[in-house]
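If you want the building blocks of each chain, they are given just below.
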Amino acid sequence: MNQPNHDLIASDIDAYLNQHENKSLLRFITCGSVDDGKSTLIGRLLYESKVLFEDQLDAVASDSKKWGTQGKAMDFALLVDGLAAEREQGITIDVAYRFFATDHRKFIVADTPGHEQYTRNMVTGASTCDAAVILCDARQGVLTQTRRHSYLLSLLGIRNVVLAVNKMDLMKYDESVYEDIVEDYQAFAKEIGLNNVTAIPMSALAGDNILVRSDQMPWYHGPTLLSYLETAEVNDEHRKTAPFRMPVQWVNRPNLNFRGFAGTVASGSIKPGDTIRVQPSGKTSSIARIVTHDGDLAEAIPGQSITLTLNDEIDVSRGDVISTTDEPASTADQFETTLVWMHDEPMHSGRPYWLKIGTKTVSATITQIKHEVNVNTLEHTAAKQLELNAIGVCNISTDQPIAFDAFADNQETGSFILIDRVSNHTVGAGMLHFALRRSANIHMQATDVNKERRAELKGQKPAVVWFTGLSGAGKSTVANLVEKKLAAAGHHTYLLDGDNVRHGLNKDLGFTDADRVENIRRIGEVAGLMVDAGMIVLTAFISPFRSERALARSIVGEDEFIEVYVETPLAVAEERDPKGLYKKARRGELKNFTGIDSPYEAPENAEILVDTGTLSAEQAAERVVAEMRKRGLLES
Amino acid sequence: MNTSSTTIKDLNARRIDAVKRRLAGESLAKISQSVDLSVPTVVAAIKAFEKNGWGGVPVKKRGRPTRGKALSTAQIDSLRLHWMEQSIVADKALSEANLLTIDRLHNWLCGQELTVSAATTQRYARNWGLAPASPAQRLGSKPGGEVKRYIDQARHNKRRLVWVSAHTLQLNNEPVTLLCAHTARGLCLSVLVQQLHSHTLSEFLSAVTTHLGTALAPVMQLSPALEKSWILPWQTSTGLKALILPPGMESNTLERTLKSTASTMTALKDIKDNDSNLLLAPERLTHLQRLEAESIHIMREVVAEAENPVMMYSVGKDSAVMLHLAVKAFYPAPPPFPLLHVDTTWKFKAMYEFRDSIAKELGFELLVHQNEEGIRQGVSPFTHGSELHTDIMKTQALKQALDKYGFDVAFGGARRDEEKSRAKERVFSFRTSAHRWEPKSQRPELWNLYNAKKRQGESIRVFPISNWTELDIWQYIHQQSIPIVPLYFSGERPVVERDGQLIMVDDDRMPLRDGETPEMKRVRFRTLGCYPLTGAVESNATTLTDIIQEMLLATTSERQGRLIDHDTSASMEKKKQEGYF
């Protein structure tokens, strides 16, 4: 490798090594429209920084004759196009990584394609970058693809952006051409929130303003491309000021005396003695040591791979996030996100995917596509599904709470990928905006006395017996009998009755669909708390919607939830009409009455089905208690 | 070739000479010898001539003009003499002011109206024998219980461990003694004395204590120069104790001793912010630190998600770096996977020896797999050609081994800068159950979120050093003192010239062609593989810095020495699709 420091290398290799073993590292991406000259630019950078060997140059020279698009001249693009197929097609079809170095920095370049169908590759390439160079052909000006790539860069939060106005040689190095393009672009950049754009006029083919200032453009006074890249701020340095986060990768337990939590510092810094919170569990402790093979550290900074030991024996496992106690991450299980779809098979809301955030993988469902963003016009359109390369704002729900930050605040803890559960392909990339509802600022407080302990004190297995059915089906009657039997057997129970709850906790709610959903959500949460307290809870609510019953089931937990469908034909219930409600509804005095003008979605897989049309209330209660016994919830 | 004294002008004269000789019909080897350039350089010069005529042959002067003039050997020798004469302690008591530190040498050199960097100063000190390597590097195999207790106690009491040694140097043809104290962090404090007295050692330790500002815990090995009785005055006056090691302990480093001890010291919870043993945070991470951290992150992800991972070990320098990173990633636990060497049976003898010793030293389980069927068929690079040999003994053998042990993830040491098709491969490279790589259905890889999900029978190749370049690898080896196979260093080896490459005759399985007689030449290898397929380069590079220097000044790329890449255009991509690493 021919570094520019030939003489220093020859005369004092130690001095050279000392200087070059302490460089910084910048990753950047080049993007832009087809034929804007991306590959030529990278080839030029490699050539200028002397990383090419004679045999490589020979190979390019011979390839240029065979495939080159520059006539007899060396086609630098051939240095960076790799796969045989694409070389023959003359296009780049994937992300290619290239490496070069100057005296101050080592660079990793991601070269990405300009074609629309490969947007996912550009997102892939940009996700790890500190900076981006958007190429723009001076003859063409700002094109649709230039805009699209700029939008993607803003979406991915790239902080250092260069607008490289290339091929100035073909426009006679005319300042007004450059000024027009920059003005056009800056207006657009502002619109999409790209505030830190540096424009540079250049010719990659001729080498103007790449490494050295061009004689052809004396009117330009800004930095050359390389001098900009040599000084741009690296993300890790920026993340230093953010609150401390470290997703735990692996628990290191070589012997009984050592229990360390290995991970890479995502942001912030940490010292021995700092107090930390493990999320989402919420347990706290303090740092005992920061272990590395080189020796213990006095402080760890972003990007370092370390192993932490704590002063307390608390439960920490892979996927947990270690944060400082003063500025912990948020925890939630429902989010608004921006999603980039990356697979041929479109995204369907309602389908479960694996979601990997940090080092944690959970099951997740897209609950709602709020809108799709047209990457060319930035218009918002309604969408039922996201196709390959589509970008949408979606709500996502996970099967368990996860620790996170908004992507805008912290890219490391605010980004995730979606994985198809069948094909195992990475199908989506996402950026978290915020948690839905108010759960964002609430942290789980870990308690020492837990559910098992409380249940043990009561000598029973906590559970929810969820009665659902039409009004007048006999839910409250049967539930009441079941509770009497359980209490007689010495169990600690509580009966949540629909009407009673609506007199207190839920008296602000009416009977619209939205209020019914909220009603049941609250009951589900209360039942969940009581189960956590070790109780056997009986609920008697119409609870007409399947999805809300499923929600209640997920709050409580599959094993502790028994759904009892008290089945009665509508005619029978209406005949009974113990509270006179059906009559009122029929007269139109009562709106949204289930069975009359509001639907009832019967359970498909209830644990217990009792038909009060054929069974007496007593028999129905017996049946429920027998089923509980059978499921091991009661001692037989 | 002696690169350090090659000027561009001289180099170009030799390149032109080489081309003339070639036109006159001389053999490459002969030319190489006559003009003192390596064969690849000669080939490059000839190619350049064929392409661009005589104007293409000279290489351009590279880089910026040099900052200053290097000193001649005589000038440097005279500096050494002056420095030693004026700093030696004769018959008076020695004190802190007598300690030879790099700072003091640097100041003194600058006082001689020389512009030298701190690094150059360090090099002078080393070359002059004033900064010898720490004797800790010669410390014994497993530190005994006594050593461990001593180090534990020293740490606990916040005493600084120093490694004390004595060396004999020549000054005006008289032997003089250099007393050294090395700290665990690599600081070397020394003093030059005309003669050792019973009080010298005690005075020296007091001077070091003053300089470091902390109480000492000296460790030393018994030698006639460091008599045990001489340490007693110091022990009595300070109330501290020194550790005297028995002679004959070898080959482990103090660093390693300290580390293995540190791992068992978790009970000590008294580490405070100001503990001088803690490493301070850097202002920012260097490129090597970022690359290291990224590789470690990748390895940990694999171990956390894979069922049965394995690390491919090829014995080369990239493998050496990978091994070192694996030790770091899981420290203090041993790396939780075995090493797999797919052995074509045609590797260099030195590679086999190195492989076995390093695996043992680092505590890795080593699995070796050979393609039995290939051996039975007598497949060799000579009879079957490099392409078929590589396919059967390497590609097929690798698939056999992965199937045999049921490994679901295999680490490989490939780098993206090696070859164009590798530049586009992911870090987690998914393979079908038939071990094929499908470049068009690669999974996108975002942020540092790696997708390690796979179905039964499918596997993933993981390349933790994807983003390292050849120079990064060498710099890291240099910085971290990572052991590598001696074949990388120059030595007298029997070689024959064949098809423009120098091939080492490593054993008698190599059939010699008519007119081929092995010649002893000073050669080394820039890349290692099967010996019949690996070209040597003529070189005098015997140290790591020599190698790096030579590499930086070289004009041909690394894989040029590997015959397999020359087979067909885009050959690597084809091999990889078929399952070659």
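Note that this is a predicted model, so its numbers are computed, not measured.

Q: Please clarify how helix α20 (residues 617-630) of chain A should be interpreted in this entry.
A: Residue pairs three or four apart in sequence face the same way in an α-helix, which turns once every 3.6 residues. All names here are of chain A. Taking 1.5 Å of rise per residue, the 14 residues of α20 would be expected to cover 20 Å, and the 20 Å separating its terminal C-alpha atoms lies within 8% of that figure. Along α20, the positions that sit buried rather than exposed are Ala620, Ala621, Val624, Val625, Glu627 and Met628. Angular distribution of buried residues about the axis of α20 spans 160°; they occupy a single face of the element. The inward-facing, buried residues of α20 contact β22 (463-468), α14 (475-488), β24 (536-540), β25 (561-567) and β26 (608-611). Of the residues one or two after α20, glycine 632 is the one with positive phi, at around 80°.

Q: Where do I start with the sheet that holds β24(A) in this structure?
A: In a beta sheet, neighbouring strands pair by backbone hydrogen bonds and run either parallel or antiparallel. Residue and element names in this part refer to chain A. Read across the sheet, 5 strands follow the order β23-β24-β22-β25-β26 without closing on themselves; strand pairing throughout is parallel. Of all the strands in the sheet, the pair left with one neighbour each is β23 (493-497) and β26. Neighbour-to-neighbour, the strand axes of the sheet open up by a mean angle of 20°, direction not taken into account. Against the sheet, helix α17 (residues 546-556) touches β22 and β25, its axis set at about 150° to β25.

Q: What is the right way to read the pairing of β24(A) from this model?
A: Two faces make up the sheet, and in a regular strand the side chains alternate between them. All names here are of chain A. Among the 5 residues of β24, 5 are classified as buried, and the element is accordingly described as predominantly covered. The alternating pattern of β24 places Ile536, Leu538 and Ala540 on one face and Val537 and Thr539 on the opposite face, and all of these are buried. Across 5 bridges, the pairing between β22 and β24 is parallel. Counterpart to valine 465 in the pairing with β24 is leucine 538. Bridging between β23 and β24 involves 5 bridges; their strand directions are parallel.

Q: Help me understand the sheet that holds strand β12 (residues 491-498) of chain B, please; the structure alone is not making it clear to me.
A: All names here are of chain B. Pairing within the closed barrel is antiparallel, and its 4 strands lie in the order β12-β13-β15-β14. Averaged over all pairs of adjacent strands, the angle between strand axes in this sheet comes to 75°, irrespective of strand direction. Relative to strand β15 (residues 535-538), strand β14 (residues 519-524) runs antiparallel, the two sharing 2 bridges. Considered in β15, the bridge of valine 523 is made with glutamate 538.

Q: What is the right way to look at the side chain of B:Arg123 in this model?
A: Position of B:Arg123 relative to the elements: it lies in helix α6 (residues 118-127). Judged by relative accessible area, which is 18%, B:Arg123 ranks as buried. For B:Arg123, the contacting residues outside a window of four places in its chain are A:Ser11, A:Asp12 and A:Asp14.

Q: Explain the packing of aromatic side chains to me, please; I cannot follow it from the model alone.
A: Think of a pair of aromatic rings as described by two things: how far the centres are apart, and how the planes are tilted against each other in angle. Counted according to the given criterion, the structure contains 28 aromatic pairs over all chains. With 5.7 Å between their ring centres and 35° between their planes, A:Trp466 and A:Phe561 make a pair best called tilted. Separated by 95 residues along the polypeptide, A:Trp466 in strand β22 and A:Phe561 in strand β25 bring together distant segments of the chain. With a centroid separation of 6.0 Å and an interplanar angle of 20°, the aromatic rings of A:Tyr565 and A:Tyr600 are classed as stacked. Separated by 35 residues along the polypeptide, A:Tyr565 in strand β25 and A:Tyr600 in the loop between α19 (581-586) and β26 bring together distant segments of the chain. By relative accessible area, A:Tyr565 is classed as buried at 11%. Between the NZ or CZ atom of B:Lys453 and the centre of the ring of A:Trp354, over which it lies, the distance is 4.2 Å. Geometry around B:Trp346 places B:Arg509 over its ring, the cationic atom sitting 3.8 Å from the centre.

Q: In this structure, what is going on with the pattern of salt bridges? I would like to understand it.
A: If charged atoms from side chains of opposite charge come close, those side chains can pair. As enumerated under the stated definition, the model contains 49 salt bridges over all chains in all. With a closest N to O distance of 2.9 Å, B:Asp10 and B:Arg14 form a salt bridge. Taken together, the residues B:Asp10 and B:Arg14, both in helix α1 (residues 8-23) and 4 residues apart, mark about one turn of the helix. Residue B:Asp10 is classed as partly exposed on the basis of its relative accessible area, which comes to 32%. Look at B:Arg14 and you get buried, because its relative accessible area is 15%. Each of A:Asp130, A:Asp236, A:Arg239, A:Glu412 and B:Arg290 takes part in one network of salt bridges that share partners.

Q: How should I be thinking about the side chain of A:Glu607 in this particular structure?
A: Residues and elements named next belong to chain A. Residue position: glutamate 607 is located in the loop between α19 and β26. Assessed through its relative accessible area of 18%, glutamate 607 is described here as buried. A distance of 2.9 Å separates polar atoms of two side chains, one belonging to glutamate 607 and the other to arginine 553. Separated by 2.8 Å, the side chain of glutamate 607 and the backbone nitrogen of glutamate 563 make a polar contact. The residues touching glutamate 607, leaving out its near neighbours within four places in the chain, are Arg553, Glu558, Phe561, Ile562, Glu563, Glu627 and Arg631.

Q: Can you walk me through a negative patch on the surface in this structure?
A: A cluster of acidic residues, A:Asp174, A:Glu175, A:Glu179, A:Asp180, A:Glu183 and A:Asp184, forms a negative patch on the protein surface. Classification of A:Glu183 by relative accessible area gives exposed; the value is 59%.

Q: Where do I start with the nonpolar core in this structure?
A: Counting 159 residues, the largest nonpolar core has A:Phe28 and A:Leu153 as its most contacted members. Looking at this core, the element that brings in the most residues is helix α12 (residues 317-330) of chain B, giving 9 residues.

Q: Where do I start with the environment of A:Gly595 in this structure?
A: Residue and element names in this part refer to chain A. Checked against the element boundaries, glycine 595 lands in the loop between α19 and β26. Measuring from C-alpha to C-alpha, the distance between glycine 595 and alanine 585 comes to 9.7 Å, with 10 residues separating the pair along the chain. Excluding its chain neighbours within four sequence positions, the residues that come into contact with glycine 595 are Leu470 and Leu570.

Q: What should I look at first to understand the pairing of strand β4 (residues 216-221) of chain B in this one?
A: All names here are of chain B. Counted residue by residue, β4 has 5 buried out of 6 residues, so it is predominantly covered. Bridge count for β4 against strand β5 (residues 243-245) is 3 bridges, and the pairing is parallel. Residue glutamine 221 lies in a different strand from β5, and its bridge partner there is leucine 245.

Q: Just to check I follow, could you spell out the packing of helix α7 (residues 119-127) of chain A against helix α8 (residues 144-155) of chain A for this structure?
A: When two helices pack together, their arrangement is given by the angle between their axes and by how far apart the axes lie. Residue and element names in this part refer to chain A. Running from N to C, α7 and α8 point in directions that differ by 40°, and their axes come no closer than 10 Å. By the criterion of interaxial angle, the relationship of α7 to α8 is oblique. In the packing of α7 onto α8, the handedness of the crossing is right-handed. Mapping the contact onto sequence places Thr119, Met122, Val123 and Ala126 in α7 and Arg148, His149, Leu152 and Leu153 in α8. Within the contact of α7 with α8, the residues separate by chemical class into 5 nonpolar, 2 polar and 1 charged.

Procedures and definitions
Residues numbered from 1 in each chain as written. Chains lettered and ligands numbered in written order. Predicted model: local features only at pLDDT ≥ 70, side-chain atom pairs only at ≥ 80, totals over all residues. Heavy atoms only, no water. Helix = DSSP H or I, 4+ residues; strand = E, 2+ residues; numbered from the N terminus. Expected span 1.5 Å × (residues − 1). Buried < 20%, exposed > 50% of the residue type's maximum accessible area, 1.4 Å probe, protein only. Arc of directions from axis to C-beta. Contact = heavy atoms within 4.5 Å. Pairing = 2+ DSSP bridges. Axes fitted to C-alpha atoms, helices over the stretch in contact; angles between N-to-C directions. Phe/Tyr/Trp six-rings, centres within 6.5 Å; stacked < 30°, edge-to-face > 60°. Lys NZ or Arg CZ within 6 Å of the ring centre and 35° of its normal. Salt bridge = Lys/Arg side-chain N within 4 Å of Asp/Glu carboxyl O. Polar contact = N/O pair within 3.5 Å; in protein donor to acceptor, adjacent residues only side chain to side chain. Patch = residues over 30% accessible without salt bridge, like charges linked within 9 Å, V, L, I, M, F, W, Y side chains within 5 Å. Areas by Shrake-Rupley, 256 points an atom, 1.4 Å probe, with all protein chains shown as cover. Lys, Arg positive; Asp, Glu negative; His and termini not counted. Charge placed at Lys NZ, Arg CZ, Asp CG, Glu CD. Core = buried A, V, L, I, M, F, W, Y, C linked by side-chain atoms within 4.5 Å. Parallel < 35°, antiparallel > 145°, perpendicular 65-115°, else oblique. Left-handed = near helix turned anticlockwise from the far one by under 90°. Nonpolar A, V, L, I, M, F, W, Y, C, P; charged D, E, K, R; others polar.

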